[in-house]
Amino acid sequence: MRDIIQKKSLTCLGSDNPYLNGAWEPCDTEWTASTPALKVLAGEIPRDLHGVYMRNGHNQVHAPIGKYHPFDGDGMVHAACFENGQMTYRNRWTRTTGYLAEQAAGESLWPGIIEPRKAVRRGWGSIGAMKDNAGTDIIVHAGRAIVAMSQCSEPYRLDPITLDTLGPDPSWARALGDRGICSHFQIDEHTGEMMFFNYGEKVPYLNYGVVNARNELVHYEPIELPGARWPHDMGMTQNYCILHDLPMFFDQVALAKGQHRLKFHRDVPARFGIIPRRGRNQDVRWFEGQPCYILHLSNSYEQGDEVVMEGCIQTNPVPDVSVLPKDGYARMNALLDMHRQETRMHRWRFNLKTGQTREEDLDDEVTEFPMVNGRYKGRPNRYVYTAYMVEGFWLLDGLKKYDMQTGKTQSWRCPPGCYVSEAPFAPRIGAKDEDDGYVLTFMNDAAHRRAECAIFDAKHIDKGPVCRVELPGFIPLGAHAYWMPMSDLKGVAA
Ligand SMILES: [Fe+2]
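Residues numbered from 1 in each chain as written. Predicted model: local features only at pLDDT ≥ 70, side-chain atom pairs only at ≥ 80, totals over all residues. Heavy atoms only, no water.

Trainee: Which parts of the structure should I look at to understand the pairing of strand β4 (residues 51–55)?
Mentor: For a regular strand, the rule is simple: side chains alternate between the two faces of the sheet. With 5 of 5 residues buried, β4 lies mostly within the body of the structure. Pairing geometry for β4 and strand β5 (residues 76–83), over 5 bridges, is antiparallel. Within the sheet, the bridge partner assigned to Arg55 lies in β5 and is His78. One ladder, built from 5 bridges, connects β4 with strand β34 (residues 481–485); its direction is antiparallel. Within β34, the position partnered with Val52 by the bridge is Met484. (Buried < 20%, exposed > 50% of the residue type's maximum accessible area, 1.4 Å probe, protein only. Helix = DSSP H or I, 4+ residues; strand = E, 2+ residues; numbered from the N terminus. Pairing = 2+ DSSP bridges.)

Pasting the structure below:
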């Protein structure tokens, strides 16, 4: 099977924006395609791989209003479903309210994150001006994929197999009003609970919530902060969540005038709020750390008196771009450059007895998009999988595996001109230990207009993919990814 479901004319193409070209050029077709019509380019599809690798991302349709940023585009999910040594690939735009309105209008109606002042109508997100692109995060909860954007938006549900948009979650999305949820929401695979947060420019600056395994909003709590913040991730352990109050936020004087000027406050400590899973604002215990920003955590867990949080720290999150020209894309590229941002794997230890924080770097190489075996989320884990970041550009050109017990690492670099996506771990059927399974990613090759799904043996990612399966067409780089074991759909109503 190799069916074109829908083909669109993309009016966003033809600009010189680097995030609408090359490895980032949006694709124009929705496909459903399976092996053997999709060629296995190398190796064999493992028969003990049973589930869906899904990756969200931004795939803009219309010419943007103002300067396009890679977090702006229409959300599109790509999924590779594995069963009995066969693979079926699907990709679908998420039909959000904003997407449907722009399709009906035949043009962009909302500007992106860089130029909210060009908005002529109320939008979504913490700034209140963007389209609800739902293109950042993806997880599966209560049998449905949930997608949302990094600036907060309504949580959209998708069928995790067909990727059909089922609309905002009917049982709890309305209770959150226009705040919605922010990437990154967390799943505890052992309890089936989903923990989330949202944020905004008015009090309450942060809300924290829990949706239980039956998809009921069972906890929703405003959290006091000193001002409007810009968190992107949160930690989760068996008993706590870790909320982020980081010193990269909008200049508050400018914000009062309606201007969004992101600033790193180098003299303000980072604050981490440890809240019991069903805790209230008054239960939060705040810990301080070195000034930093954090995009993505790998994992958090409890160890003795300590809550341990691991992930990618940025100690220069807003690089100085004053010498770069305002026109063109040099400033945007510099602000997105994870090398300039001093990004690296890091560990924080919050001692619940003493109230002290201890920190240590875990690496000096620049990697991001950390992933762990989902069954170990919130529990002590040994292995982390990250992606190498290209200097000067938001491109992922390799994978790295960390063994936190021995300190050993493994690395694999993409062939020249090829780039990968966030690469989650997928346990094999009957897995015996933490890294007994596969690491999956989509890899594209812009020069040859092709893309593939690459499957690695998680114990030996340095040996390269054990299997490569072609995709029916080129797909751009994306945002976040998730592995859903098919067993997670057992008992879920169709
Ligand atoms: Fe993210």
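Trainee: Sorry if this is basic, but what is going on with the nonpolar core here?
Mentor: One broad trend across soluble globular proteins is that nonpolar side chains are buried collectively. Judged by nonpolar contacts, the single largest core of 89 residues is most densely connected at Tyr208, Phe272, Trp348, Phe350, Trp394, Leu399 and Val439. Apart from the residues lying within four places of it in its own chain, the contact partners of Phe350 are Ile242, Phe272, Ile274, Phe287, Asp305, Glu306, Val307, Met309, Gln356 and Thr357. (Core = buried A, V, L, I, M, F, W, Y, C linked by side-chain atoms within 4.5 Å. Contact = heavy atoms within 4.5 Å.)

Trainee: Teacher, can you tell me more about the state of the cysteines here?
Mentor: Note on terminology: disulfide describes a covalent bond linking the sulfur atoms of two cysteines. This model, assessed by the stated rule, comprises 0 disulfides. Free cysteine Cys81: the closest other cysteine sulfur is in Cys453, separated by 11 Å. The exposure class of Cys81 is buried, given its relative accessible area of 14%. No disulfide involves Cys418; its sulfur sits 6.6 Å from that of Cys414, the nearest cysteine. (Disulfide = S-S within 2.5 Å.)

Trainee: Is there a simple way to think about the sheet that holds β34 in this case?
Mentor: Backbone hydrogen bonds hold the strands of a sheet together, and the pairing may be parallel or antiparallel. Reading across the sheet, the 6 strands line up as β1-β2-β6-β5-β4-β34 and stay open at both edges, with antiparallel pairing between neighbours. The open sheet is flanked by β1 (2–7) and β34, the only strands paired with a single partner. Mean inter-strand twist for the sheet, computed between neighbouring axes without regard to direction, equals 15°. Bridging between strand β2 (residues 29–34) and strand β6 (residues 86–93) involves 3 bridges; their strand directions are antiparallel. Note on β6: the bridge partner recorded for Ser34 is Thr88. (Axes fitted to C-alpha atoms, helices over the stretch in contact; angles between N-to-C directions.)

Trainee: Would you mind going over the coordination of the iron ion with me for this structure?
Mentor: Around a metal, the perfect tetrahedron of four donors has angles of 109.5 degrees, and the perfect octahedron of six donors has angles of 90 or 180 degrees. Looking at the iron ion, one finds its protein donor set to be His184 (NE2), His232 (NE2), His296 (NE2) and His480 (NE2), positioned 2.1 to 2.2 Å from the metal centre. Around the iron ion, the 4 donor atoms sit at angles spanning 89 to 174°, and that spread fits a shape best called irregular. Written as a sequence motif, the donor arrangement for the iron ion is H-x47-H-x63-H-x183-H. Pair noted here: His232 is in the loop between β14 (217–223) and β15 (235–236) and His296 is in strand β21 (residues 293–303), with a separation of 64 residues, a long-range link. On the basis of relative accessible area, His232 is assigned to the buried category, the value being 9%. Look at His296 and you get buried, because its relative accessible area is 5%. (Donors = N, O, S within 2.8 Å, 3.2 Å for Na, K, Ca; no water. Tetrahedral: all angles 85-135°; square planar, octahedral: opposite > 155°, others 65-115°.)

Trainee: Looking at this structure, how should I read the sheet that holds strand β22 (residues 306–314)?
Mentor: Strand order in the open sheet formed by 4 strands is β21-β22-β23-β24, and the pairing between neighbours is antiparallel. Lying at the two open borders of the sheet, with one neighbouring strand each, are β21 and β24 (357–361). Neighbour-to-neighbour, the strand axes of the sheet open up by a mean angle of 20°, direction not taken into account. In the sheet, strand β23 (residues 343–351) pairs with β24 via 5 bridges, with the strands oriented antiparallel. The partner of His346 across the bridge, within β24, is Asp361.

Trainee: Sorry, what's going on with the environment of Asp397 here?
Mentor: Here Asp397 shows up in strand β27 (residues 396–403). Sequence separation between Asp397 and Asn215 is 182 residues, and the spatial gap between their C-alpha atoms is 37 Å. Leave out the neighbours within four places in its chain, and Asp397 touches Tyr388, Met389, Val390, Arg413, Cys414 and Tyr419. Among the polar contacts made by the side chain of Asp397, one reaches the side chain of Arg413 at a distance of 3.1 Å. (Polar contact = N/O pair within 3.5 Å; in protein donor to acceptor, adjacent residues only side chain to side chain.)

Trainee: Got a minute to help me understand unusual backbone geometry in this structure?
Mentor: For residues besides glycine, phi is generally negative; the peptide bonds are generally trans as well. For the bond running from Thr35 to Pro36, omega is 5°, close enough to zero to count as cis. With respect to the helices and strands, Pro36 occurs in the loop between β2 and β3 (40–43). Look at the link from Val203 to Pro204: it is a cis peptide, with omega at -5°. With respect to the helices and strands, the residue Pro204 is situated in the loop between β12 (193–199) and β13 (206–211).

Trainee: Sorry if this is basic, but what is going on with the side chain of His232 here?
Mentor: Among the polar contacts listed, one links the side chain of His232 to the side chain of His296, at a separation of 3.1 Å. Leave out the neighbours within four places in its chain, and His232 touches Thr136, Ser150, Cys182, Ser183, His184, Phe197, Tyr293, Ile294, Leu295, His296 and His480.

Trainee: Before we go on, may I ask you to explain the packing of aromatic side chains in this structure?
Mentor: With the rule as written, the count across this model stands at 17 aromatic pairs. Ring plane angle 55° and centroid distance 5.8 Å describe the contact between Phe272 and Trp348, whose orientation is recorded as tilted. Of this pair, Phe272 sits in strand β19 (residues 270–276) while Trp348 sits in strand β23; the two residues are 76 residues apart in sequence, bridging distant segments of the chain. This pair shows no difference in class: Phe272 is buried, exactly as Trp348 is. Put simply, the rings of Phe272, Phe287, Trp348 and Phe350 touch in pairs and so form one group of aromatic residues. For Arg449, the ring lying beneath its charged end belongs to Phe474, and the centroid distance is 4.0 Å. (Phe/Tyr/Trp six-rings, centres within 6.5 Å; stacked < 30°, edge-to-face > 60°. Lys NZ or Arg CZ within 6 Å of the ring centre and 35° of its normal.)

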